[in-house]
Amino acid sequence: MAEKLRRKFILVSVGAVSIVVFTIALFSNLINYTQILNHSDELLVLLAENDGHFPMKEEPSKEYQLPPKISPEAPFSTRFFTVRLDNNRNVVETDTGKIASISTTEAFQYANKALQKGKSSHFIDHYRYLIVDQGDRSLIIFMDVERELEMFYIFLKNSLLICLIGTSAVFILVSLFSKRAIRPIVESYEKQKQFITDASHELKTPLAIINTNTEVLEMEYGESQWTKSTQNQITRLSGLVESLITLTRMDEEKMELLKTEFSLSDLIIKIAEQFKEWGNNQNKNLHLEVEDSISYYGNEESFSQLITILIDNAFKYSPKDSEIIISLKKQGKGIIFQTINQADHLSIGNYEQLFERFYRLDQSRNSQIGGQGIGLSIAQAIVKQHKGKIKAESPDGKTMVLTVQL
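Now for a quick tour of the structure. All figures in this text were calculated on a predicted structure; none of them were measured in a lab. (Residues numbered from 1 in each chain as written. Predicted model: local features only at pLDDT ≥ 70, side-chain atom pairs only at ≥ 80, totals over all residues. Heavy atoms only, no water.)

**Details of the side chain of Thr78**
Position of Thr78 relative to the elements: it lies in the loop between helix H2 (74-77) and strand E1 (80-85). Judged by relative accessible area, Thr78 falls into the buried class, the value being 10%. From its side chain, Thr78 meets the backbone oxygen of Ala74 in a polar contact 2.6 Å long. The residues touching Thr78, leaving out its near neighbours within four places in the chain, are Leu43, Phe54, Lys98 and Met143. (Helix = DSSP H or I, 4+ residues; strand = E, 2+ residues; numbered from the N terminus. Buried < 20%, exposed > 50% of the residue type's maximum accessible area, 1.4 Å probe, protein only. Polar contact = N/O pair within 3.5 Å; in protein donor to acceptor, adjacent residues only side chain to side chain. Contact = heavy atoms within 4.5 Å.)

Laid out in structure tokens, this is it:
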């Protein structure tokens, strides 16, 4: 139990930190990439508004007249080229004077690629382009953003590397200190388990004495409603004690089960037959839908207890004059075992809380039926020991379905 809790603590801690760290890295890179696009698009729009050139002041000095948000160094650091086309998409003019890595032929090729994409603005290689309609002509402006993209990819790789290193460091630290972190929980659990075990064993002796004294009173004075009530409560408490001991044993991670190959079909039919007379007395019809020759490798004694708990639960909580279905079938490589019974006051959905210890769906009715609200907890523990799954649900609000997947 302690090791399983420790693994869960490490998984949750490292998982939470990883989600936070990688989310921060994701948004940081997304913002960085968006800024690159926005900046390049602003420059492209400025060039488009000035016919493929940076705007100049009407003064002899011929200084560039740029918007405040654009750096004065932009005309000198921005590498771009332009291609003009006529209405028939024939190249009329190219201007590669602001870039040294592109020839006129290559400019033609990039223009054709831009036209084939069918988008007014996009990327071709490391060039961001913008197509501008100028009436009888079109202007395509290509801007080299290789340096910006290279810086973006470097930042992306470094941020991911830092995230991996940070997550690994957290994993190492949490692994080192996890035992100390969960120690109070483990100690509390062990004390609780020890208390349940000790209390269960201590209760056995006084219960046995009370039972013996009651039997002596019945021998001397005869059976009465008081002695009968006492015997019923002794039986109930004895069952609770045995259930608590069973659960405590199942909580032991090192508990070894003796597993053998047995006929699950025959076992279910055998146990179900024992409930038929009880069902007839309450006008409850037991209907078996059990496929033949389904075998399972597991602990037969535990499965006998599991099947008894589930069928008993179906009988206890179904109304009179109703039908109870016990089903066993193969599904792919797995096995499905189900108990289906009618029930009152249900809502559509899952009922995972039924497997909590001492949980009662209907307190008033459970007090009349009896039981300790611990049977399904034992059933769940048995299924988990066999690496299976168990769930409770009501598909229509009138039927309770307990399903075991093996």
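So that's the structure; there's more coming.
**As for the sheet that holds strand E7 (residues 285-290)**
The strand order E7-E9-E10-E13-E12-E11 describes an open sheet built from six strands, whose pairing is mixed. What marks the edges here is a single partner per strand, and that holds for E7 and strand E11 (349-350). In terms of strand pairing, E11 meets strand E12 (residues 389-394) through two bridges, oriented antiparallel. Note that in E12 the partner of Asn350 across the bridge is Glu393. Against the sheet, helix H6 (residues 264-281) engages E7, strand E9 (323-331) and strand E10 (334-342), with an angle of about 175° to E7. (Pairing = 2+ DSSP bridges. Axes fitted to C-alpha atoms, helices over the stretch in contact; angles between N-to-C directions.)

**What to know about the side chain of Thr399**
Here Thr399 lies in strand E13 (residues 399-405). Residue classification places Thr399 among the buried residues on the basis of a relative accessible area of 16%.

**Comments concerning empty space enclosed by the protein**
With the rule as written, the count across this model stands at one cavity of 30 Å³ or more. There is about 30 Å³ of room inside the largest cavity. If you trace the largest cavity, you find it lined by Leu264, Ile268, Phe303, Leu306, Ile307, Leu328, Phe337, Val404 and Leu406. The set of elements that each furnish at least two residues to the lining of the largest cavity consists of H6 and helix H7 (300-316). (1 Å grid on protein atoms, 1.4 Å probe; cavity = no way out; pocket = protein on both sides within 12 Å on 5 of 7 lines; lining within 4 Å. Points joined across faces, edges and corners; volume = space filled by probe spheres on them.)

**A closer look at the environment of Arg79**
Summarising the element assignment, Arg79 is placed in the loop between H2 and E1. Judged by its relative accessible area of 29%, Arg79 is partly exposed. For the pair formed by Arg79 and Ala100, sequence separation is 21 residues and the distance between their alpha carbons is 8.4 Å. Setting aside residues up to four positions removed in sequence, Arg79 forms contacts with Lys98, Ile99, Phe142, Met143, Asp144 and Arg147.

**So, a nonpolar patch on the surface**
Where nonpolar side chains cluster on the molecular surface, the patch consists of Phe171, Ile172, Leu173, Leu176 and Phe177 and spans about 530 Å² of accessible area. Position of Ile172 among the secondary structure elements: in helix H4 (residues 146-221). (Patch = residues over 30% accessible without salt bridge, like charges linked within 9 Å, V, L, I, M, F, W, Y side chains within 5 Å. Areas by Shrake-Rupley, 256 points an atom, 1.4 Å probe, with all protein chains shown as cover. Salt bridge = Lys/Arg side-chain N within 4 Å of Asp/Glu carboxyl O.)

**Some details on the packing of aromatic side chains**
Within the structure shown, the criterion is met by 13 aromatic pairs. Ring centres of Tyr33 and Phe152 lie 5.2 Å apart, and the angle between their planes is 50°; this geometry places the pair in the tilted category. Of this pair, Tyr33 sits in helix H1 (residues 2-49) while Phe152 sits in helix H4; the two residues are 119 residues apart in sequence, bridging distant segments of the chain. The class of Tyr33 is partly exposed, set by a relative accessible area of 28%. Judged by its relative accessible area of 8%, Phe152 is buried. Centroid distance Tyr296 to Phe303: 5.0 Å. Interplanar angle 55°. Geometry classified as tilted. Through a chain of ring-to-ring contacts, the aromatic side chains of Phe81, Tyr110, Tyr127, Tyr129 and Phe142 assemble into a single cluster. Over the aromatic face of Tyr110 sits the side chain of Lys113, whose NZ or CZ is 5.4 Å from the ring centroid. Of note, Arg128 hangs over the ring of Phe123, and the distance from its end group to the ring centre comes to 5.0 Å. (Phe/Tyr/Trp six-rings, centres within 6.5 Å; stacked < 30°, edge-to-face > 60°. Lys NZ or Arg CZ within 6 Å of the ring centre and 35° of its normal.)

**Observations regarding the pattern of salt bridges**
Here the structure, examined in full by the defined rule, presents six salt bridges. Note that Glu93 is salt-bridged to Arg84, the shortest N-O span being 3.4 Å. We note a salt bridge from Lys391 to Glu393, for which the minimum N-O separation is 3.9 Å. According to the relative accessible area criterion, Lys391 is partly exposed, its value standing at 33%. Salt bridges linked by common partners bring Asp51, Arg84 and Glu93 together as one network.

**Concerning the pairing of E10**
The element E10 is extensively covered by neighbouring structure, given that seven of its nine residues are classed as buried. The pairing of E9 with E10 spans eight bridges and is classified as antiparallel. Directly across from Leu328, in E10, lies its bridge partner Phe337. The turn joining E9 and E10, which pair antiparallel and follow one another in sequence, is formed by two residues; a positive phi near 65° is taken by Gly332. Both E10 and E13 contribute to a ladder of seven bridges, which runs antiparallel. Residue Asn341 lies in a different strand from E13, and its bridge partner there is Met400.

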